[in-house]
2 protein chains.
Amino acid sequence: MVPHLTTALSGPLLTLERYILDSMSTIEHWMRGQWRDHEAPFYASVDLRNSGFKLAPVDTNLFPGGFNNLNPDFLPLCIQATTSAIEKICPDAQKLLIIPENHTRNTFYLQNVATLHLILRQAGLNVRIGSINPEVKAPIQMALSNGSHLLIEPVQRVGRRLVLPDFDPCAVLLNNDLSAGIPDILKDLDQWLLPPLQAGWSLRRKSVHFSHYDEVAGEFARLLDVDPWVINPYFNALDGVDFAAGKDQVELAETVNDILVKTRKKYKEYGIENRPFVIIKADAGTYGMGIMSVHDASEVVHLNRKQRNRMAVVKEGMKVSRVMVQEGVYTFENINEAVAEPVVYMMDHYVVGGFYRVHTSRGDDENLNAPGMHFVPLAFEAACCTPDPAACPEVLANRFYAYGVVARLALLAAAREIEGTRLDFQEMQVTG
Amino acid sequence: MVPHLTTALSGPLLTLERYILDSMSTIEHWMRGQWRDHEAPFYASVDLRNSGFKLAPVDTNLFPGGFNNLNPDFLPLCIQATTSAIEKICPDAQKLLIIPENHTRNTFYLQNVATLHLILRQAGLNVRIGSINPEVKAPIQMALSNGSHLLIEPVQRVGRRLVLPDFDPCAVLLNNDLSAGIPDILKDLDQWLLPPLQAGWSLRRKSVHFSHYDEVAGEFARLLDVDPWVINPYFNALDGVDFAAGKDQVELAETVNDILVKTRKKYKEYGIENRPFVIIKADAGTYGMGIMSVHDASEVVHLNRKQRNRMAVVKEGMKVSRVMVQEGVYTFENINEAVAEPVVYMMDHYVVGGFYRVHTSRGDDENLNAPGMHFVPLAFEAACCTPDPAACPEVLANRFYAYGVVARLALLAAAREIEGTRLDFQEMQVTG
């Protein structure tokens, strides 16, 4: 039922994919060592871009919101991985509270919460859903598109615990990315909080994540003896940017130019004839807001009012003052005329599935995860853990395995990032 | 494609299955605690019997030989569970040697080895297959029914390691149940050996396993507040039995009678109108040899020559002198006219699939795993980890979940059994 993707792969990436298949036992052995030293986040999704000459993560989400887009045939993988995660993080947990995003009127998002609810219940947890949206004052039965309902109840704080009537959970699972900051109701809880508060967008910085990814990609590239660039986009971060003021963005233009020059050099090295571009995005926050594609530094010097407004504010009205400039990665995967971008889902350190974001109205150098953009999700038709080293890299199961490997590199970067910010956060609490 | 099973369930079992569904979070929480205290075997399969009033394990195999019978859709679960097992038992392992049974001419068994080989490779191990059969003196390419081949090489011992040419494995996976005793080539290795030697049938005793199961079933029944009998068959073991001698088996008859009397009492308590029976089997060994079904103690007093011969010797010509007498559990699952018995597969402590042994020529009170009996394997069409507590227990996914729970109880018994024999075995090495 699911159409195959037509990709025209060649050059360095095909080499990388061949190396990945040939080095499976080296890679998995290395991964086992990494997961012994670093605790994987409870769950995550990673947006990848595949340009045929480069396969790289462009965003790592620690509050994944598309479990409903995964192939239902592979939900058992999610259940098994959940069991493993719970065992490692909070084995004593029996009751679990899911805290969804505040905008629970979104039908697609509600389906995600329903799927997550099902996975956690099937893993043997007693699960209820509680909203921290102050506007939710009474239980609401939200209608799902399949005709069933989802009960969302207002969370109450009692002492250092979040509770619902007759329900005192041992663990709280955040599916709310805390873009607006950490609300008081979540502070100083004595319950397990998954993921920890510092994984929220009010404290996370994309550039910190990609600094960790830079390290991880370097280690991995040395392991396989490949050029780290084929899995790692150039980037830089810039502080004190004021889009609203309407001043010339000279420093931003310089940063953009710097990345373009470095990328152009690499394109030349590999004989790639496409035009390099960069993506400018808010360093904190998600949801594809505050993002622009730029092919020339001059484009950012004088931004018009519309562009400035689009960049100045992200989700929950947070003002942007720090941006990340990242080498753009073309997505050359497509289905008929539509552009597609893979999103890989992980629970514990296992790849549990994924889907393609398919867009008919966007170019191959544009961000596909933007507000109001109704992409069509196309579930991966095979699991990401069934490579066939005897077959060629283009075989679907092998491509998905490579996606899973690169996604796990981003997951490992997130694990190290959370470890790092955990310390900072504790210091902040002591000194702040 | 797979026909549904027609089962007529009622009475205590339906109650048990309802209790299991209602207590999912209690059960999984309890299991997490158990797996924290006990190391699950690398892999295992458990034969269950479902009589509608009783759901119980009748055999726990620590060298499962039917991976080829599992639903290929759920192989990703096997791969993920393998990753987990390797991580816990031997995270440093990169190369793994599979040691299959010596009778590798059996096409069905070869398919099992091929499937296992694939699962381990997909979990990222570098895997080769080595035979310890002294008759295998050169590498053999064994033809598989799907047209591919499997290379089996003669294992060499170098110092305290098993090797193949250019292959020095970190771990050795036994898929050979060591019925004939522990060969010298496997003793005192400094490689990881999965499962450990004492899991082999030359040291294991069914009655020891079922003593542990007795304990586990008791704890579980207290947890759920149910009668342990609905998951636990009565049994007793008897030493010094000499079938070959042709003497009257008075002591055996007494043991049989004792079990029949206790079973009859339970049948009466639950209003069950079937005729109780017992299964007599060799206390060591597998493969359905040395097994008989008995409805009355008088049947065993004077055994005829054919019966004596059938009971006297098991696999690899081992003489039987110790037997286990176990309450027989009817199997009332059937497809059309054929009797079916579920076999549940586990890796690490995860249920990864299962199949039914379907027999057209056997009764519901007979053993379905006997030599020369070509049962038809019928793969479970759903995973065992996707229960729907809102639906009735008869729903396929819920029945499979209950199977998975009872199979894991037997797995837990095996884990405790191996812990116990580990000590005995070490003492034996010290004193012997």
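Residues numbered from 1 in each chain as written. Chains lettered and ligands numbered in written order. Predicted model: local features only at pLDDT ≥ 70, side-chain atom pairs only at ≥ 80, totals over all residues.

A. Fine view of helix α3 (residues 75–89) of chain A. Between the first and last C-alpha of α3(A) there are 21 Å, a value that for 15 residues agrees with the 21 Å anticipated at 1.5 Å per step. With respect to burial, α3(A) is a largely interior element, 12 of its 15 residues being buried. Taken together, the buried positions of α3(A) are L75(A), P76(A), L77(A), C78(A), I79(A), Q80(A), A81(A), T82(A), T83(A), S84(A), A85(A) and I86(A). For α3(A), the secondary structure elements touched by its buried residues are α4 (107–122), β17 (338–347) and β18 (350–359) of chain A together with α3 (75–89) and β18 (350–359) of chain B. (Helix = DSSP H or I, 4+ residues; strand = E, 2+ residues; numbered from the N terminus. Expected span 1.5 Å × (residues − 1). Buried ≥ 20, exposed ≤ 12 C-beta atoms within 10 Å, placed from the backbone. Contact = placed C-beta atoms within 7 Å.)

B. Molecular detail of the interface of chain B and chain A. Listed per partner, the contact involves 29 residues of chain B and 29 residues of chain A. Listing elements by their share of the side of chain B that touches chain A, those giving two or more residues are α2 (24–37) and α3 of chain B. Of the residues forming the side of chain B that touches chain A, the biggest block, eight residues, is contributed by α3(B). Among the residues forming the side of chain B that touches chain A, the class breakdown is 15 nonpolar, nine polar and five charged. (Nonpolar A, V, L, I, M, F, W, Y, C, P; charged D, E, K, R; others polar.)

C. Broad picture of the relation of the copies chain B and chain A. In the superposition of chain B on chain A (RMSD 0.0 Å, axial shift 0.0 Å), the rotation amounts to 180 degrees. In the structure described here, the two chain copies are related by an operation that fits a two-fold rotation axis. Using C-alpha coordinates, one finds that chain B approaches the rotation axis most closely at L77(B), a distance of 3.0 Å. Here 100% of the contact residues of chain B are again contact residues in chain A; the copies associate through an equivalent surface. (Least-squares fit on C-alpha atoms with pLDDT ≥ 70 in both.)

D. Focus on the sheet that holds strand β12 (residues 235–238) of chain A. All names here are of chain A. Read across the open sheet, the four strands follow the order β12-β15-β13-β14; overall the sheet is antiparallel. Each edge of the sheet is formed by a strand with only one pairing partner; in this case those strands are β12 and β14 (291–294). Recorded for the sheet is a direction-independent mean angle of 20 degrees between the axes of neighbouring strands. Two elements, strand β13 (residues 278–282) and β14, share four bridges in a ladder whose sense is antiparallel. Counted as the bridge partner of I279 is S293 from β14. Running at roughly 175 degrees to β12, helix α6 (residues 250–269) makes contact with β12, β13, β14 and β15 (323–327) of the sheet. (Pairing = 2+ DSSP bridges. Axes fitted to C-alpha atoms, helices over the stretch in contact; angles between N-to-C directions.)

E. Local environment of the domain arrangement of chain A. Residues and elements named next belong to chain A. Taken as a whole, chain A is organised into domain 1 (1–62 + 204–233 + 330–432), domain 2 (70–194) and domain 3 (234–328). Among the elements of the structure, β17 and β18 are those that each provide at least two residues to the side of domain 1 that touches domain 2. By residue number, the principal contributor to the side of domain 1 that touches domain 2 is β18, which donates four residues. Split into classes, the residues belonging to the side of domain 1 that touches domain 2 amount to nine nonpolar, one polar and two charged. (Domains from an automatic or database assignment.)

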